[in-house]
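Commentary on secondary and tertiary structure
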Amino acid sequence: MRSWPLDYFYALACLSLLLAGPLVAESKKSEGTLWSLRPLARVEVPKDGHPIDSFIQANALSKEQKQTPRASRRELVRRASYGLTGLPSNPKMVEAFVADARPDPVAFRDVYEDLLESYHYGEHWGRHWLDVVRYADTAGENSDHPLPHAWRYRNWVIDAFNEDKPYDQFVRDQIAGDLLGQDLPQAQRNAAIIATGYLAISRRFGHDIDKRMYLMYEDTIDNLGKAFLGLTISCARCHDHKHDPIAMRDYYALYGVFDSTRFSFPGCEPKQQPRDLIPLVSEALVARKKAWEERQAALDAELKSADQPNKSKALKTLAGKCYKVVSQGEVPEGGSVQVTKDPVVLKVRKGEAIQLSISPLKNHGADTTIVDFSISHTSGGKMTRWSVNDHFDEFLTNHPVQAAEGAAWCFLDIGSPDPRVLNRRDVAVSGHEELNAWTAHDGGLPSVLINDSNQPVNVWHTLPPRTFFCHPSQRGAVAIAWLSPVDGTVTVDLSLSDGHPGGPDGVEWLLEHFAETSVARAYRELCEVSVPRAELVAEIAAHAAKSKELMIPVAYAVTEGEPKQARVHLRGNHEEIGEEVPRQFLAMLGGGKLGDSASSGRRELAERMASANNPLTARVMVNRLWAWHFGRGLVATPNDFGNHGAQPSHPELLDYLAGYLIEHGWSVKALQRHLLSSATYQQAARDDIRPDTFAAFARRRLTAEELRDTLLVASGELDRTPGVAHPFPPEESWSFTQHGPFADEYDTKRRSVYVMRKRNRASRFFALFNGADPNASTAQREATTVPTQALYFMNDPFFHNCAAKFAKRLRKSGTTAEDRLEIACRELFARPARPEDLADFREFANELESIVERDAKSKDAEIWNAYARVLLASNELLHLD
Amino acid sequence: MPGLLHRLAAAEDGLDPLAFKQGHHPAKAKNVIFLFMTGGVSHVDTFDPKPKLTADVGKEVKVDHPEIQNRPGYERIFLKAPQWDFSAHGQCGTEVSTLFPHVATCVDDIALIRSMHTDHSNHYNATLGMHTGSFAFARPSIGSWVSYGLGTANQNLPSFITIAPKQTYAGTQVYASDFLPGAHQGTLVVPGPEPIANVTPRVAKSQQELELAALQRLNQRHLSQRTGNALSEARIKTFETAFGMQMEAPAAFDFSRESEATHKLYGLERGSTEGFAWQCLAARRLVERGVRFVELIDTGSSGNWDSHGNMLDHVKLAKNVDQPIAALLKDLKGRGLLEETLVVWTTEFGRTPFNNKADAPGREHHNWAFSSWLAGAGVKPGTVYGATDEYGMNPETDPVHVHDLHATILHLMGLDHEQLTFRHSGRDFRLTDVYGNVVDGVLA
């Protein structure tokens, strides 16, 4: 039986939505039937009153339904504060507004102007946009790799709202900022590159992302269509769109644009490391970095060439002929062995060598082994003793390490086919100045190292002071050779112990005597050609030091790839390739060639997506802005302006607002000012009227972010500084798999927009309170009400903690219950305390007092902790009028 | 509940998404217990006997299999013999291997499907598919669909509960409601002292009652000062329900009044809150209390049935679940609950009848064929449906796709998988996408 690719089934799924018709066809001639494609109507603006109010009231829907009276100033300021910044209103601002003697509309204008200027405005409205573009801090493939640089795009969105970046430019930058910003000054150019993070954060799929790029392109096209055009273009992946005039060719015409683009690669299970990240610097710095890397490669090569095959072979051959095994054995895991418990006395000649080698047991390899190795010789009544512990202060000076009477110590990697001298000086191993090592030229194991200080060092294990260690590699042994300067008998003392108990599986040792007087010369010659000149060593160190100033920040973004045309995937199956489709814009929006043999076409795509002539660009955005302010769009399906989406409830108003946005230089803030200044926005709230009449303000629940931020404000602990990068583990350490995906959580006191969000493992809090879906565009938040949310307000530790801190602040700021309630009501509800608030509190306090057995002071604390929870869990806090 | 006075019937105005609903046709089952074995259980070593595979061990086979394409070392593959003996059990004589000695005693209640197949040989995709019917994109879980279609009988407990010691492949997506209303998302229960998050009161009950009474006073005043405020009414009600949950949920997970005999049946040490035995007994207690859909996931995304390295790993995984599953079936039956509860046992895919060496210790992923079974309400007892070929490579008769299994589960719950739709992103979505046939052969 066959194993169908999963896409085949997907294709059939899509296909079956088709009632009939050819698979690949020109766009259906139904443009006339889709309202949203009609050019923006030149709407006659009513002469009297605020245009928005006139449109709302003139609408047939509203005829039956009278407008609701104005909201109170207190309701209004709280509404505007959450609506514009996502944060509770500042009591000072509330009181200033309430006391303002000017007429309501004039006084209110100052309120929203202040809020629009707050940095928190961008954080709140940026979050709206991040919902639409399904922003996340992980890639979403099977092991959900972190995206350590995506935060730059998140902050770019926040900054764009704060700077009131014209919406058309906002759109263009996200699609082609890297191309459009090429001639800008460096900082702006970098920002434009970061903007294309919009494309890069497309969801990744599968085990090996590179093999599932067609799924990523679908996600890219799906989001591009919904976010900017309100179109479900990805429905045309497998067949012509069933409801809207989008042909399969249209889909693959856009597919070609993204297939001609190079996306930053996040890493995946078989390819852990990211690649194609975009450097954020001038070309000059990139060039310097490149020159640095070239020189580094040359230095590496020079060092590597020091592995002299001839000399190495000579030593191996010679040693192979003259070796005598003195002793061998094993040091078990965690154990220690005094090898020379019985004295080992050897007869040696000048020029011979005694070599100790340490190999890993089993296959786990590297284990730190403490080596106490010495050789002594008595001649004419004078004893000379050579020890590996003699050289703590000049360990890295020469190799071989020169010892008394012309003896020397030589360190080798003998796990390689031919012996290699450990020729690289590793100063300050793992950043510990006390640890110095000789390692292989590539810096890896095996190595010999010393702790030269009088103190133990805590590194992978606590390494004792003034100790010599060796560290075999997984491949094999490390060797320590003593080159004899004497003729006569020597006594060998050797003790070994496991320096890393609890590490792998112990080691094996072998002590040999190479009884041939030319052996020492062979060692020395190998060292001579292997160990780099002092100048080279100095240059390598100096060169390494320069790398710090060349650290280049990177963006998770896109750049131009290899331009090509896509071919249709028949029935959406990427293994069944059909005809080639030239890159072009959606036929129903006028088509137009995108790109050429030298460019992807993103530049032209950006222009067409963000054009005043494209009726969807402005319509879709003003509808979003309306929906985020009023709780419901003039088109109730902000991501779908197609035939299956909702029809506009107020088509003239929609076109009027779209025109307004364009005429005001695509200024989002200008449009928001216009919305906020209307009586429609300033109505009182109720939710028992037809919502599409906008004849009242739609009362709403705080979003998950607003709730968390409010609790942090109440606790007095909200960190109002902008977020930066998340503390992800370093990229070198990544080894995420579908069996062990990335699953960290990071605590922060910053605003919720800065909380790290994963694609494959939803945060419990955000899932509980209808947070945005990080896998698909969220046009508007739901607000389902379930008992598990109530449990949060009853028993969640974070909630209890914030309430306790809020209570502490209240008790500190006010001495009487009246004072404390006053502060609480002003902070949480934007109103003074009323007599009934005090009555409620007293009733509660009396009841609680009767059951809490504590002294007076802790009783007071307990009562206020409890009442803080009551206030913070109340509908008056959670619901916005 | 003292102190909480106003019982508001928010459900009646359609605001309560979990209100009890009628299905499309009379239901055979009220509740589902969905047992998911993570990692891919080998069908030829458990529920699908293949004597020919033993006879032909070492024979080279040529198949175009997704797990060997372009895989170094897998240019040639050979049949690998099953490592456990099979024998016939019960009146019906269904053959089960020695890996499942306890479940084998229940075969007369089981409809075994030996011809399952799925679309993808990757854990992530196959696990997502088994839970959502979608093999690439996040979609609502089957438990969410059932909750959406039928609501729930007990408002003091969530409608859909997933009990999992660890996250399986695809993480929280396997029990997420995705585009369905959030009330239908699976509530995660992690075996341990606080199974449902935040269900343990952090203050004395008497004090919490005072706090909730004070809160309801505030909320009632807030409500009375505003016209038309359905949102607030609904939320007032949730605190009453949550208060009930604080009692009911710990009660559901408090096994202290379960008899010695029951503990022994499940193989559960008294006081232990770990292991599949705990999960199974919890499942029985939850369906007893009206929870609509209970999923039990045995292990996480590592240390599971994914026995590439050594099939003998199946021994301890089977041991972890075998007795508890049999106990669950017997316990439900003994209490008359099996008549209204559908029990489903499955995994995401099977394991290859071959490997690159006949004596290779492990088996690879095999999405072409695997075994699942149903038991309980509306299920034809003591039957075997479908069959694979002589080596267990492919279904030979009556293939059953994951979509068919889903359609059958919904059918037994009184739901028509073609009518259970949700409008999202411009089209109507279904659990079964555009596929799925109810498997009549397993229906009583």
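Just so it is clear, the model here is predicted, and its values are computed rather than measured.

**A word on the overall build of chain B**
- Secondary structure summary: chain B contains 10 helices and 20 strands in total.
- The globule rule puts the C-alpha radius of gyration for 444 residues at 22 Å, and the 23 Å found for chain B is close to it.
- Overall, chain B is about 80 × 55 × 40 Å in size when its C-alpha atoms are taken along their principal axes.
- With 444 residues in all, chain B has 59% of them scored as buried.
- Long-range contacts, defined here as pairs at least 24 residues apart, represent 76% of the contacts in chain B between residues at least 6 apart.

**A closer look at the overall build of chain A**
- When helices and strands are tallied, chain A shows 29 helices and 26 strands.
- Against the compact-globule benchmark of 29 Å for 881 residues, chain A has a radius of gyration of 36 Å, which places it well outside the compact range.
- Seen through its principal axes, chain A has C-alpha atoms that stretch 120 × 85 × 60 Å.
- The buried share of chain A, reckoned over its 881 residues, is 51%.

**Details of the packing of helix α7 (residues 119-132) of chain A against helix α8 (residues 151-162) of chain A**
Residues and elements named next belong to chain A.
- Put simply, α7 and α8 touch, their axes get as near as 7 Å, and they point 120 degrees apart. What the angle tells us is that α7 and α8 run oblique. Judged by the twist between their axes, the crossing of α7 over α8 is right-handed. Taken together, the residues of α8 that come into contact with α7 (itself represented by Tyr-119, Tyr-121, Gly-122, Glu-123, Trp-125, Gly-126, Trp-129 and Leu-130) are Arg-154, Val-157, Ile-158, Asp-159, Phe-161 and Asn-162.
- Grouping the amino acids of the contact of α7 with α8 by side-chain chemistry returns eight nonpolar, three polar and three charged.

**A word on the pairing of strand β18 (residues 478-483) of chain A**
Residue and element names in this part refer to chain A.
- Counting buried positions along β18 yields six of six residues, so the element is predominantly enclosed.
- Burial of the side chains of β18 extends over both faces: Val-478, Ile-480 and Trp-482 are buried on one face and Ala-479, Ala-481 and Leu-483 on the other.
- Pairing between strand β6 (residues 353-360) and β18: six bridges, direction antiparallel. Bridge pairing in β18 links Gln-355 to Ala-481.
- As judged from the six bridges shared by strand β10 (residues 408-413) and β18, these two strands associate in the antiparallel manner. Counterpart to Asp-413 in the pairing with β18 is Val-478.

**Quick word on the sheet that holds strand β3 (residues 77-79) of chain B**
All names here are of chain B.
- Ordered by their spatial adjacency, three strands build an open sheet running β2-β3-β12, and the pairing between neighbours is antiparallel. Strand pairing shows two members of the sheet lacking a second neighbour, β2 (60-61) and β12 (354-355), which therefore form its edges.
- Judged from the two bridges that link them, β2 and β3 form a sheet pairing that is antiparallel. In the strand pairing of β3, Glu-60 is matched with Phe-78.

**Remarks on the environment of Ser-387 of chain A**
All names here are of chain A.
- Tracing the backbone shows Ser-387 in strand β8 (residues 382-387).
- Take Ser-387: there are 16 C-beta atoms within 10 Å of it, and that puts it in the partly exposed class.
- Here the alpha-carbon distance between Ser-387 and Pro-419, two residues 32 residues apart in the chain, equals 23 Å.

**Some words on the confidence of the model for chain A**
- In the predicted model, chain A carries a mean pLDDT of 89, and the fraction of residues at 70 or more is 94%.
- Taken together, the stretch residues 1-32 of chain A has pLDDT below 50 and engages in 66 contacts with residues farther than four places along the chain or on a different chain.

**Here we look at the pairing of strand β9 (residues 293-297) of chain B**
Residue and element names in this part refer to chain B.
- For β9, the buried fraction is high: five of the five residues fall into the buried class.
- Pairing between strand β1 (residues 31-37) and β9: five bridges, direction parallel. By the bridge assignment, Leu-35 is partnered in β9 with Leu-296.
- Across four bridges, the pairing between strand β7 (residues 160-163) and β9 is parallel. By the bridge assignment for β9, Ile-161 is matched with Val-294.

**Some points on the interface of chain A and chain B**
- On the chain B side, the residues contacting the 65 residues of chain A number 66 residues.
- Contributions of two or more residues to the side of chain A that touches chain B are made by α1 (6-15), α23 (764-768), α24 (787-795), α27 (835-851), α28 (856-872) and α29 (875-878) of chain A.
- Here the residues of the side of chain A that touches chain B are counted per class, giving 25 nonpolar, 25 polar and 15 charged.

**What to know about the confidence of the model for chain B**
- Chain-level statistics for chain B give a pLDDT mean of 91 and a share of 96% at 70 or above.
- Listed scores for the predicted complex are pTM 0.73 and ipTM 0.71.

**A few points about the domain arrangement of chain A**
Residue and element names in this part refer to chain A.
- Segmentation of chain A into domains returns domain 1 (1-33 + 118-280 + 553-611), domain 2 (36-100 + 613-683), domain 3 (281-306 + 535-552), domain 4 (309-531) and domain 5 (793-880).
- Placing the centre of domain 3 and that of domain 4 at their C-alpha centroids yields a distance of 32 Å.
- In this assembly, four residues from domain 3 lie in contact with six residues from domain 4.
- When its residues are assigned to classes, the side of domain 3 that touches domain 4 shows three nonpolar, no polar and one charged.

**A short note on helix α10 (residues 402-412) of chain B**
All names here are of chain B.
- Among the 11 residues of α10, 11 are classified as buried, and the element is accordingly described as predominantly covered.
- Of the residues making up α10, those classed as buried are Val-402, His-403, Asp-404, Leu-405, His-406, Ala-407, Thr-408, Ile-409, Leu-410, His-411 and Leu-412.
- At the C-terminal side of α10, Gly-414 shows a positive phi close to 90 degrees.

**Considerations on the packing of helix α4 (residues 73-85) of chain A against helix α5 (residues 91-99) of chain A**
All names here are of chain A.
- At a closest axis distance of 10 Å, the pairing of α4 and α5 adopts a crossing angle of 140 degrees. Considered as vectors, α4 and α5 are oriented oblique to each other. As for the relative orientation of α4 and α5, their crossing is right-handed in sense. Every residue of α5 that contacts α4 at Arg-73, Arg-74 and Val-77 is listed here: Met-93, Val-94, Phe-97 and Val-98.

**Comments concerning unusual backbone geometry**
Residues and elements named next belong to chain A.
- The omega torsion across His-399 and Pro-400 is 5 degrees, close enough to zero to call that bond cis.
- Looking at where Pro-400 falls in the secondary structure, it is placed in the loop between β8 and β9 (401-402).
- At Trp-666, a residue that is not glycine, the phi angle is positive and equals roughly 60 degrees.
- With respect to the helices, strands and loops of the structure, Trp-666 is situated in the loop between α20 (651-663) and α21 (668-676).

**What about the environment of Asp-796 of chain A?**
Residue and element names in this part refer to chain A.
- Of note, Asp-796 is situated in the loop between α24 and α25 (797-813).
- Given 20 C-beta atoms within a 10 Å radius, Asp-796 is considered buried.
- Spatially, the C-alpha atoms of Asp-796 and Thr-559 are 45 Å apart, while their sequence positions differ by 237 residues.

**Remarks on helix α6 (residues 104-117) of chain A**
All names here are of chain A.
- Here α6 spans 20 Å end to end across 14 residues, near enough to the 20 Å set by a 1.5 Å rise per residue.
- Considered for burial, the residues of α6 that qualify are Phe-108, Val-111, Tyr-112, Leu-115 and Leu-116. Down the axis of α6, the buried side of the element spans an arc of 130 degrees, and every buried residue falls inside it. Seen from the buried face of α6, the exposed residues on the opposite side, beyond 90 degrees, are Val-106, Glu-113 and Glu-117.
- Considering only its buried residues, α6 is in contact with α4, α5, α7 and α21.

What counts as what
- Residues numbered from 1 in each chain as written.
- Chains lettered and ligands numbered in written order.
- Predicted model: local features only at pLDDT ≥ 70, side-chain atom pairs only at ≥ 80, totals over all residues.
- Helix = DSSP H or I, 4+ residues; strand = E, 2+ residues; numbered from the N terminus.
- Rg over C-alpha atoms; globule rule 2.2 N^0.38 Å.
- Buried ≥ 20, exposed ≤ 12 C-beta atoms within 10 Å, placed from the backbone.
- Contact = placed C-beta atoms within 7 Å.
- Axes fitted to C-alpha atoms, helices over the stretch in contact; angles between N-to-C directions.
- Parallel < 35°, antiparallel > 145°, perpendicular 65-115°, else oblique.
- Left-handed = near helix turned anticlockwise from the far one by under 90°.
- Nonpolar A, V, L, I, M, F, W, Y, C, P; charged D, E, K, R; others polar.
- Pairing = 2+ DSSP bridges.
- pLDDT = per-residue confidence, 0-100.
- Domains from an automatic or database assignment.
- Expected span 1.5 Å × (residues − 1).
- Arc of directions from axis to C-beta.

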